[in-house]
Structures are given as structure tokens and as C-alpha cells.
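The residues making up each chain are set out below.
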Amino acid sequence: MIEIFRVVTKGRGRRVRSVKNSLNCPFPLLFCCGMFCAAGKNMFLFVLENLGQTIIPDLGSLESQHDFRTPEFEEFNGKSDSLFFNDGQRRIDFVLVYEDESRKETSKKGTNEKQRRKRQAYESNLICHGLQLEATRSVLDDKLVFVKVHAPWEVLCTYAEIMHIKLPLKPNDLKNRSSAFGTLNWFTKVLSVDESIIKPEQEFFTAPFEKNRMNDFYIVDRDAFFNPATRSRIVYFILSRVKYQLINNVSKFGINRLVNSGIYKAAFPLHDCKFRRQSEDPSCPNERYLLYREWAHPRSIYKKQPLDLIRKYYGEKIGIYFAWLGYYTQMLLLAAVVGVACFLYGYLNQDNCTWSKEVCHPDIGGKIIMCPQCDRLCPFWKLNITCESSKKLCIFDSFGTLVFAVFMGVWVTLFLEFWKRRQAELEYEWDTVELQQEEQARPEYEARCTHVVINEITQEEERIPFTAWGKCIRITLCASAVFFWILLIIASVIGIIVYRLSVFIVFSAKLPKNINGTDPIQKYLTPQTATSITASIISFIIIMILNTIYEKVAIMITNFELPRTQTDYENSLTMKMFLFQFVNYYSSCFYIAFFKGKFVGYPGDPVYWLGKYRNEECDPGGCLLELTTQLTIIMGGKAIWNNIQEVLLPWIMNLIGRFHRVSGSEKITPRWEQDYHLQPMGKLGLFYEYLEMIIQFGFVTLFVASFPLAPLLALVNNILEIRVDAWKLTTQFRRLVPEKAQDIGAWQPIMQGIAILAVVTNAMIIAFTSDMIPRLVYYWSFSVPPYGDHTSYTMEGYINNTLSIFKVADFKNKSKGNPYSELGNHTTCRYRDFRYPPGHPQEYKHNIYYWHVIAAKLAFIIVMEHVIYSVKFFISYAIPDVSKRTKSKIQREKYLTQKLLHENHLKDMTKNMGVIAERMIEAVDNNLRPKLE
């Protein structure tokens, strides 16, 4: 039945009439159809008669009609909290706002008249679709007109069936399983929302609504059967599909297109009350007030989120985002605790760090002269100037870091698997298990549909925006544009590298060469540290600038690509934005972790970038500390910037708006006018929230081996992020149109990809960026005979063993040596590498220690990856995606659906067929009896 309706609505007027006539079923079909022609005909006639005026015209423009049906104009009745028409009976389900053209101060009369005719045609067609409209002028600005939209019961029922909306069959009779942590109920009660304030939602078994089976559904009160969010969603479904113009057989339709063209200034559903106080209307549920008080207010920061109320008020798409963000934050608590424990382990054991003591010892590190790290101006330097950085490195480069990296590899798998279970529960509870919602093509797509092709399935003509060849060209151009911007990011990273190489020379020449104990700044402000901090800050600034520019570029590219539906649009934009952000945010970290200091050669034969800039070297302790600094600046700076932007920007915009309206502040304004002056939430607003969190998820997992405190920073940020987002939605933005969503979409596979990559990156950070493997090799192999001189395993002598010797006379250009007089004349210097000393038969070639270390690093990577991947796959296999309890509920609901709907329908069919058979027998008997007599 519904499929026939869809075909009808896509056709022209003559097809409507033919299908309409076909509902008068002939006798043979009547016997087979049973109740179809009786119940189905009434629904179709209702819908088709309402659609007739919109679809029947075959030629010309819809706006050329003169018999427009216009909404009634009513004066504001002074009830500022009212959510109803002036009669107090019909609920406002949506509000359209436009500026009266007759009162505009402009000379473009022709344009204004065209806009007015389009709007009149659109509103007339809304009325033809069964919607009821009431218009009211603004209290503060008489140029503005607010058109209130109400959907009556018949329209709601009809479109609920078309949209496959699931509605209650009967109350849920499955008992909730008691918690295994019963003794902690008092603690969870403190964290939970007070049930006397926000009452738990009653659970129902549900089924897709069918109008001819209305008696099977749990309808206690017609006014409450469709909640406000569902009503708004149904009305928006209609608003998005109603036509207002037909030119060259191409229809223009939808409220989004009208808003984008300026014919309407806004379209939105209403908030139910003010967020600071309850409504004066006793029938108002005050859900916005409850959400602000128990969710968005800072005093509720420690409480769980009222997810059912969020879903009920904002829809499943918003609800699933906050459910995911809340679950991610809960899981971060465990990671943060373990990360802090590993950090404290390193902090408390830094005094036992033998190699750091050797660096700081005046008779060891103070007497080791290091080779210059650049070709000009760089002096020889003593190793002990890196004393403080070596102490800090002991905190992060410890055994606890290895344990934490392995733990995070398991943690991320547990998070993803348990989230799948939680998501399955929400899918059932929120009726999105079998989400069947045909998505409308985007107006931008429909406007370009000029090419006619034959559909391979239906064998009917349909319009598409471009041919297969045109689609290939668009995809090629879009891919080329994305690739160009990725190359631009890589170029910026190279620019940062060149900056590092250039400024390091300056810092080496300007900063002190000797440590003065009376000046604490000199102990920390080494050339390496100064270069690292300034480069990280510049890198962060460039990242934010490129991010701002590319957001606009990515939208332009996706618009040019012209995806058909909004879901396709968001998925396409998601992949472009994430690919760009991945390179933008993580490229500098990948450079420091895996490239810096790895290909430097040795002092006599250094490696040059672009044939000019000598490659960077790491500190004697490695580049791990610099990677930690980079992560701290980017991750912390990004969190602070985003939160300030999210709080200040909408608040300032609303503050400016209130300042402009201060002259009419004494007047009582209606609910719809108060909401109009709030900020509109962009179509991609939720997309940016997801993107922000996924980038953070990458920092927490990909580079956590270098920064165990990353989960703690993410936890603090997310606790604030949840409340900031809640505050924005509840207080600063108009109410969003409720949307259905089954899951978090394309972000789920992106997180799974990051989780797999994180195992590799953390293993490589421990192997190649930290000094853990060289220290272990020295401790177990080179501290004792045959390679070492100690009688027992020890770390003593590690620094001397890992620094190679270079003869100053072997510099290719002696001017590059440039020894400083205050350090004396030296014949040799040390550098970080494992090479044979001068005079050896294989001088300056890699020694046996180097090959032992390489073998140990590769073995470590292979073992760590295989162990963690094995555990990950075992966990994924052992934890089912859907819990047993959720499966039971789904099976129970399917059973009830079959019993209540199908069996009842068969009984009705049997009864009706029996009545028809009796009548036929009676008719035959009446005809035969006279003949027999």
C-alpha cells in the first residue's frame, strides 16, 4: 500500500487519477483483497485529494496559480509561554519566518513580488497537504511574520505510516536485571539524575505504525501519542517535500531551498519553555528547563546525562552523539588512572635513573664535549647542559611507558567493543534497530537534474544531474583538490622543519654555552628546548589557520561533487575533513617521532635537506621529550581554543542581538519570537563536534607512549565538552529538527582504523623514538663481558658507551668545526650514534652494538604488535556486539509484533472472508430457489 503511494507522489496528475480510480476494486480483486479496499481506500483518497492541487499541473509554474490558500492572520494573544495557536487547542509543530515584502525598504519590487508568489504557492500547497497554518506579526519588528504550522491527527497518522515510524504496541514486560554491584547503589544514586525530577521513560514494545491497524497500538491519549519531537519530524518531512515551482519539468521544492534563497528567514521547531524557569502553562512538560537544570548547568557536571530525555527532546541523532561522548569519557577515566600511575612511577623513580645521573655528573657529562650540531656558528658543547631535560625524560621514558602502551592497545579495543554493545542497546531502546527511512534527495541535487536516463530496475525515465563521464570528471577534480591540499600541509611541515634547522643555529649562537647555577633559566633554556617550543607553537598556529581555510575548501569540494542525499553528503565531507585533519594535526608528530634524528649521518659526513640545511639531531636522550612537548602544546591548545570558541561565539552573537532589541525589551514576546532570536545550528554543527573528538581520540591512542597524561587531559576536556555542548544547545541555539540515527555513522570505522594504527605507532615510538631498547640491550649484553667490563648487569657507563667518538681533524671543512676558546681546543668530540672510533679499520662505520639494537627493535615491534593484535582479536571475538538481554528484547518484540499485528490481521481477514462467503451463498441460494420452485 505504502509503495503504491510513493509511486503516486512521484508521478504526474494523470497517474494520480488513474491510481485513484483503480481503488474501486472489481469483484474478483475484492474477494482476494479483503479489507484492503475498505481501509486502504480511505487513507489514499485523503492523501491524494490533498496532493491533487500540487501534482496535477503538467505545465507552467506552480506560482502562476491565482487560487492560493493563505494562512489566517491572528494577533498575538499576550501568552508568552503558549505553544498553541490562538484557539489554545492546536499545537505549534513548526515555525516559518519571513520578512513582509510590502514593508521592505528596497527598490527591487520585481524580485520581492517573485519571492512573495513563491511563498504563497508554497504555503498554499502546505494547506493542500493537510497542514494548518496561522500567521502572526512580530511584536518587536512589524516587518517580520511568523507562520505557525500544525499537523492534525489524520496527517500525523498518514505520514507516520509513510515514514515507518515505530510507535508503542504495549508496555515492556521484560524485567530489568539487577546490577551486580548492588552495594554501590548509593554511589551510583549520587551520580544519577533524580528520578523525582526527571521521571524515567516507560519502555514499550513498538512496531511501524499502520493506520488500518490503529486499534493494535497503545493509544491512551491522542494528544500524547505523537510526542513533540515526532510531530516536528513529521512536519519537517512534509515541509522538505512540498513544491513551490515547476520550470521545464524540473520541480523546486523544500523549505531548505526557500531559506537558502532568502524567501524565508528561518524555519525551526519551538523550545517548550525558557531554560531558566518553568512555563506558566500547566500542560507544558518543561523539558528544556529540566535539561538545563539537570544536564547543562555547571552544578550537574558530576551527574550522568539524562540520555532518554535528550533523545526525546532533540532526537536520536543528537542523543547518540552525547551517548557516545559520555561513554568515551567514562572509558577515559580508566585510561587516565593508569596513565597517571605510570607517570607517577616515572616521576618517583627519576632519582634512580642512572644514565640521567651520568649526564648531570660534572665528572662525566661535564667533561664530555659534544660535536657541533650545525655547520656555522654552532659551538662545541658540554653534555651536562641537557641535565634538566634528561631528568624530565626519565619520567616519560620508563618501564611504565611500555606497560601503558600495551594497556592502551587493549583499552581501545575494549572501548570499541563495549560501545558496540551499548550502541545496540540504544538502537533497541530508541527504536532504530531496523531504521527504514527513505532519505530525500538534497535540493541542490534536484536542481541539477537535467539529464534523462532509464532506470535499470524500474525501466522508467528518471533525471540525474550529470552523465557517467561527467561524474568521473567531478570525482577526479575533487580527488585532485584534496590531494593538493594534503601536499600543501606537507609543504607547511617542511617549512617548520626548515625553521627548526635555521633557528637552531641562531639559538646555538645566542644562548649561553655554560651552565650558571645561579641562573635557573639557563638550566632549561637550551638550544634544543627553545627550538622545540617555538616550533611547536608556530606549528599549532599554522594548523589552526589551515584548518579554518580547509573547512571552507572541503565544503566547496563536496558541493561540487554533488552527493545525492544528506547522509551521502556528510559521509563524503567526513572522509575529506578527517583525511585533511589527520595530516594537518599529526604530520608534525609523525616527523618528530619517526624521522627527526634518524637520518643525520655523522659529523664528518652529515645529511642535508634540499642540499642546504643540515638535518636535525635529537638530544642525547632521544626525541621522545620533544614529541611530548609537541603533543602537550597541540592537544592542550586545541582544547582551550575550541572551548573558548564554542562558549564565547554564540554568547556574543546573542548578546549583540539583545543589545539591538533593547528598545522593545518591555514588551511581552511570544515563544516563537524568543526562539527566532537565538543562533541557528548549522547543518554540519554535529559533524564538527564529532571531528573534534575523533582528532582527540587519535592523540590519545596514536602517541600515548610518549605522553601518559594524554588520557587525563582528554578526560578533563571531555567533562567540560559535554556540559559546554549541552549549554550551547539548551540556551544559545534554536531547537534542532529531530532526526533519526542508528549509530555514529562513518566515525565508527574511522576509530577502528585509528585503533589498528595505534598499535603500530606506539610500538615504533618505544622502539625508535625512545631509548628504552638501547638501554635494555646495554643492560643485558654490553654491560658485562664479552662486550662490557662490569662483573654484573648495570646501567653504569651507558652514556659513554652510546656516544661515538669523532676526530675534529676529520671535518671536511675545518671552518665548520669552529671551536670556542672558552671550551678549549679539543682533538675529539662525541656524537649520538653507534659507530667505530677513528683509527679503527672500519672507522665511522656502524659497530656491533648498532646491529644488536636494530635487531632488538625489530623483534620488539613484531612481538608487541602480534601480542596486542592477538589480544584485540580475542577480545573482539569474546565480546558479542549485542548483549543477550538486548537480543531477548528484540526477539520478544518481533514475537509480539507477529502476534498482535499479523495474527489479528489474519483473524480479521478470515472473519471478513467468512461474511463475504455467507453473503455469496445467500445470494446464490436466493437466485436458485425461485428456479427450483
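Please refer to the structure placed before this passage.
For clarity, every value in this text was computed on a predicted model and none was experimentally measured. Going along each chain's sequence as written, the residues are numbered from 1 onward. pLDDT decides what is reported in this predicted model: residues at 70 or higher carry local features, side-chain atom pairs at 80 or more are listed and counted, and totals for whole chains, interfaces and linings draw on all residues regardless. Side-chain measures here rest on the full set of heavy atoms in the structure, leaving out hydrogens and waters.

Q: Can you explain the side chain of T701? Please cite residues and give values.
A: In DSSP terms, a helix is any run of H or I states spanning at least four residues, a strand is any run of E spanning at least two, and both are numbered starting from the N terminus. Within the secondary structure, T701 sits in helix α24 (residues 685-702). Sequence-distant contacts of T701, defined by excluding residues within four places in its chain, comprise W411, V412, I754, A758 and N762. Throughout, a contact is declared for two residues whenever any of their heavy atoms are within 4.5 Å.

Q: Residues and numbers for the side chain of T432, please.
A: Tracing the sequence through the fold places T432 in the loop between α16 (399-429) and α17 (443-447). With sequence-adjacent residues up to four places away left out, T432 is seen in contact with E316, L426, E427, K740, A741 and Q742.

Q: Please set out α24 residue by residue, giving values where relevant.
A: Taking 1.5 Å per residue, 18 residues should reach 26 Å; α24 reaches 26 Å between its end C-alpha atoms and fits that length. Burial classes follow relative accessibility: with a 1.4 Å probe on protein chains only, a residue under 20% of its type's maximum area counts as buried, one over 50% as exposed, and anything between as partly exposed. Taking burial as the measure, the 18 residues of α24 include 17 buried ones, the bulk of the element. What a helix should span is 1.5 Å times the count of its residues minus one.

Q: Got a sec to walk through the nonpolar core? Specific residues and values, please.
A: Soluble globular proteins tend to bury their nonpolar side chains together. Residue types Ala, Val, Leu, Ile, Met, Phe, Trp, Tyr and Cys, when buried and joined through side-chain atoms within 4.5 Å, form a set referred to as a nonpolar core. The biggest cluster of nonpolar side chains holds 162 residues, and the ones touching the most others in it are W324, Y328, W411, F415, Y586 and F699. Not counting residues up to four positions away in its chain, the partners in contact with W324 are F415, W419, Y690, M693, I694, I744 and M751. Counting residues in each nonpolar core, the second largest holds 42 residues, with Y98, I127, M163 and Y244 among its members.

Q: Provide a residue-level description of the packing of helix α11 (residues 287-296) against helix α12 (residues 307-314), including the pertinent values.
A: Running from N to C, α11 and α12 point in directions that differ by 145°, and their axes come no closer than 11 Å. The way α11 lies across α12 gives a crossing that is left-handed. Contacts between α11 and α12 involve E287, R288, L290, L291 and W295 on the former and, on the latter, L309, I310, K312, Y313 and Y314. Each residue is assigned to one class: nonpolar for Ala, Val, Leu, Ile, Met, Phe, Trp, Tyr, Cys and Pro, charged for Asp, Glu, Lys and Arg, and polar for all the others, Gly among them. Among the residues making up the contact of α11 with α12, the classes are represented as seven nonpolar, no polar and three charged. Axis lines are fitted through C-alpha atoms, for helices just across the contact stretch, and the angle between N-to-C directions can take any value from 0 to 180 degrees. Handedness of a helix crossing follows the sense of rotation of the near helix relative to the far helix, less than a right angle counterclockwise being left-handed and clockwise being right-handed.

Q: Break down the environment of N547 for me, with residues and values.
A: Inspection of the secondary structure assignment puts N547 in helix α20 (residues 527-561). What makes N547 buried here is its relative accessible area of 8%. On a C-alpha basis, the gap between N547 and M577 in space is 9.2 Å, while along the polypeptide they are 30 residues apart.

Q: So what's going on with the state of the cysteines? Which residues, and what values?
A: Counting rule for disulfides: a pair of cysteine sulfur atoms within 2.5 Å. On inspection of all chains with the given rule, the structure shows three disulfides. Each sulfur in the disulfide pair C353 and C394 lies 2.3 Å from the other. The S-S bond linking C353 to C394 shows a torsion near -65°; that makes this disulfide left-handed. Taken as a pair, C353 in the loop between α13 (316-348) and α14 (354-360) and C394 in helix α15 (residues 387-396) lie far apart in primary sequence, 41 residues in all. Here the two residues C353 and C394 agree in accessibility, since each one is buried. Residue C360 pairs covalently with C387 via a disulfide, S to S 1.9 Å. Disulfide C360-C387: the torsion about the S-S bond is 100°, which places it as right-handed. Taken together, the positions of C360 in helix α14 and C387 in helix α15 put the pair 27 residues apart, joining distant regions of the chain.

Q: For the environment of E865, give the residues involved together with the corresponding values.
A: On the secondary structure map, E865 appears in helix α30 (residues 848-878). Taking the C-alpha atoms as reference, E865 lies 9.3 Å from V406; in sequence the two are 459 residues apart. Sequence-distant contacts of E865, that is, excluding residues within four places in its chain, are made with V759, V760 and A763.

Q: Give a description of the pattern of salt bridges that names residues and reports values.
A: Criterion for a salt bridge: a side-chain nitrogen of Lys or Arg within 4 Å of a carboxyl oxygen of Asp or Glu. Under the criterion given, the structure shown has 30 salt bridges. When the shortest N-O distance is used, the salt bridge between E154 and K211 registers 2.4 Å. Of the two residues, E154 sits in helix α6 (residues 153-162) while K211 sits in the loop between β6 (204-208) and α8 (222-225), which places them 57 residues apart along the sequence. Assessed through its relative accessible area of 16%, K211 is described here as buried. Ionic pairing is found between D675 and R671, a salt bridge with its closest N-O pair at 3.0 Å. With a gap of four residues between them, D675 and R671 both fall in helix α23 (residues 671-676), about one helical turn apart. Of the two residues, D675 and R671, neither departs from the other in class, the shared state being buried. If you follow the salt bridges from partner to partner, you end up with E201, E287 and K312 in one network.

Q: With reference to specific residues and values, describe the sheet that holds strand β1 (residues 72-73).
A: At least two DSSP bridges between two strands are required for those strands to pair. Overall, mixed pairing links the five strands, which are arranged β1-β3-β4-β2-β9 in an open sheet. Of all the strands in the sheet, the pair left with one neighbour each is β1 and β9 (266-268). Bridge analysis of β1 against strand β3 (residues 132-137) gives two bridges, and the strand direction is parallel. Residue pairing in the sheet places E72 in a bridge with E134 of β3.

Q: Tell me about the packing of aromatic side chains, and please be specific about residues and values.
A: When two rings of Phe, Tyr or Trp (its six-membered ring) have centres within 6.5 Å they constitute a pair, described as stacked for plane angles under 30 degrees, edge-to-face for angles over 60, and tilted for the intermediate range. Considering all chains together, one arrives at 58 aromatic pairs under this definition. Pairing F204 with Y218 gives two aromatic rings, centres 5.2 Å apart and planes at 45°, and the pair type is tilted. Taken together, the residues F204 in strand β6 and Y218 in the loop between β6 and α8 connect sequence positions 14 residues apart. For F204, a relative accessible area of 21% gives the class partly exposed. For Y218, a relative accessible area of 33% corresponds to the partly exposed category. Pairing Y869 with F873 gives two aromatic rings, centres 6.3 Å apart and planes at 20°, and the pair type is stacked. Pair noted here: Y869 and F873 are both in helix α30, with a separation of four residues, about one helical turn. Sitting over the face of the ring of Y98, R119 holds its NZ or CZ atom 3.7 Å from the ring centroid. The ring of W672 has K148 sitting right over it, with the charged end atom 4.3 Å from the ring centre. The criterion for a charge sitting over a ring is simple: Lys NZ or Arg CZ within 6 Å of the ring centre, and within 35 degrees of the ring normal.

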